[in-house]
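# Structural description and commentary
As a plain string of letters, each chain reads:
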Amino acid sequence: TGSGNVAVGYLAADANTTASGNTAVGGWSLSSTTTGGENTAIGSTALFDNTTGASNTAVGYEALQNNTTASFNTAVGTDALETNTTGAANEAFGYYALNANTTGDYNVALGSRALMANTTADYNTAVGRDALKANVTGTLNAAFGSVALEADTLGSRAVAVGYGALRTQNFT
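Note that the coordinates shown come from a computational prediction; the quantities given were computed from them, not determined experimentally.

Criteria and cut-off values
- Residues numbered from 1 in each chain as written.
- Predicted model: local features only at pLDDT ≥ 70, side-chain atom pairs only at ≥ 80, totals over all residues.
- Heavy atoms only, no water.
- Helix = DSSP H or I, 4+ residues; strand = E, 2+ residues; numbered from the N terminus.
- Rg over C-alpha atoms; globule rule 2.2 N^0.38 Å.
- Buried < 20%, exposed > 50% of the residue type's maximum accessible area, 1.4 Å probe, protein only.
- Contact = heavy atoms within 4.5 Å.
- Areas by Shrake-Rupley, 256 points an atom, 1.4 Å probe, with all protein chains shown as cover.
- Lys, Arg positive; Asp, Glu negative; His and termini not counted.
- Charge placed at Lys NZ, Arg CZ, Asp CG, Glu CD.
- Salt bridge = Lys/Arg side-chain N within 4 Å of Asp/Glu carboxyl O.
- Pairing = 2+ DSSP bridges.
- Axes fitted to C-alpha atoms, helices over the stretch in contact; angles between N-to-C directions.
- Phe/Tyr/Trp six-rings, centres within 6.5 Å; stacked < 30°, edge-to-face > 60°.
- 1 Å grid on protein atoms, 1.4 Å probe; cavity = no way out; pocket = protein on both sides within 12 Å on 5 of 7 lines; lining within 4 Å.
- Points joined across faces, edges and corners; volume = space filled by probe spheres on them.
- Nonpolar A, V, L, I, M, F, W, Y, C, P; charged D, E, K, R; others polar.

This paragraph deals with the overall build of the chain. Of the regular secondary structure elements, the chain holds zero helices and ten strands. At 16 Å, the chain has a C-alpha radius of gyration in line with the 16 Å of a compact globule built from 172 residues. Dimensions along the principal axes, computed over C-alpha positions, put the chain at roughly 50 × 20 × 15 Å. In the chain, which comprises 172 residues, the share counted as buried stands at 44%. Once local pairs closer than 6 in sequence are excluded, the contacts in the chain between residues at least 24 apart make up 0%. Surface summary for the chain: the accessible area is close to 6800 Å², and the carbon and sulfur share equals 59%. Here the chain carries 5 positive and 12 negative side-chain charges, and the mean point of each set is 16 Å from the other.

If you want it as structure tokens, here you go:
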């Protein structure tokens, strides 16, 4: 059986069997976790679907809600990394940051809706509101500044620095 767990809220950490070191604060937070340990979920339905994923941090309503087995993710903000399932080592800070990510790994999104449409792409960095917002599968991109590379959906290896830099550019 698990040890060192804290659960506060309706059905928080409800399915826990052997997981240890988890903190769940909020209704349904970490409610599906069975063996994944060292997770922190603060907010209603934060890390809701997590089963075996470990060392995740989710703060905010629906943060990392659909995460199942992925580990080492950090999501701070309402709906940050909400649809992530198996993508690992992602960092999302801000409302809807990396919201659509499912299997993408090693992405960093800092700002509301940064990398919001990213689904499977890896190694992207977006800093600023709506930076790389439309990116779906493009990899190895870096956008620094609000709305930088906002419209790019598939491009890879692009760099944009400054407010609105390459905002409407869509590399293919």
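Here the focus is the pattern of salt bridges. Here the structure, examined in full by the defined rule, presents three salt bridges. Residues Arg113 and Asp130 are paired through a salt bridge, measuring 2.7 Å at the closest nitrogen-oxygen approach. Of the two residues, Arg113 is situated in the loop between β7 (108-110) and β8 (125-127) and Asp130 in the loop between β8 and β9 (142-144); the sequence distance between them amounts to 17 residues. Of the charged contacts, one joins Asp130 and Arg129 as a salt bridge, the two residues approaching to 2.8 Å between their closest N and O atoms. Through salt bridges that share partners, Arg113, Arg129 and Asp130 make up one connected network.

As a further point, take the sheet that holds β9. Read across the sheet, ten strands follow the order β1-β2-β3-β4-β5-β6-β7-β8-β9-β10 without closing on themselves; strand pairing throughout is parallel. Two strands in the sheet have a free side with no partner beyond their single neighbour: β1 (6-8) and β10 (159-161). When strand polarity is set aside, the average angle formed by the axes of neighbouring strands in this sheet is 5 degrees. Two elements, strand β6 (residues 91-93) and β7, share three bridges in a ladder whose sense is parallel. Following the sheet pairing, Glu91 is matched in β7 by Val108.

With that settled, the discussion passes to the environment of Gly128. Tracing the backbone through its elements, the reader meets Gly128 in the loop between β8 and β9. Gly128 gets classed as buried once you look at its relative accessible area, which sits at 14%. Residues Gly128 and Gly145, 17 residues apart in the sequence, show an inter-C-alpha distance of 4.8 Å. Not counting residues up to four positions away in its chain, the partners in contact with Gly128 are Leu110, Gly111, Ser112, Ala114, Gly145 and Ser146.

Per the counting criterion, the structure on display carries three aromatic pairs. Consider the rings of Tyr10 and Trp28, whose centres lie 5.3 Å apart with planes at 80 degrees: the pair is edge-to-face. Within this pair, whereas Tyr10 is found in the loop between β1 and β2 (23-25), its partner Trp28 is found in the loop between β2 and β3 (40-42), the two being separated by 18 residues in sequence. Overall, the relative accessible area of 56% leaves Tyr10 in the exposed class. Overall, the relative accessible area of 35% leaves Trp28 in the partly exposed class.

Following the criterion strictly, the structure yields one cavity of 30 Å³ or more and no others. One number sums up the size of the largest cavity: a volume of about 30 Å³. Looking at the lining of the largest cavity residue by residue, the classes come out as two nonpolar, four polar and no charged.

Read these as layout, nothing more, since geometry by itself doesn't imply function.
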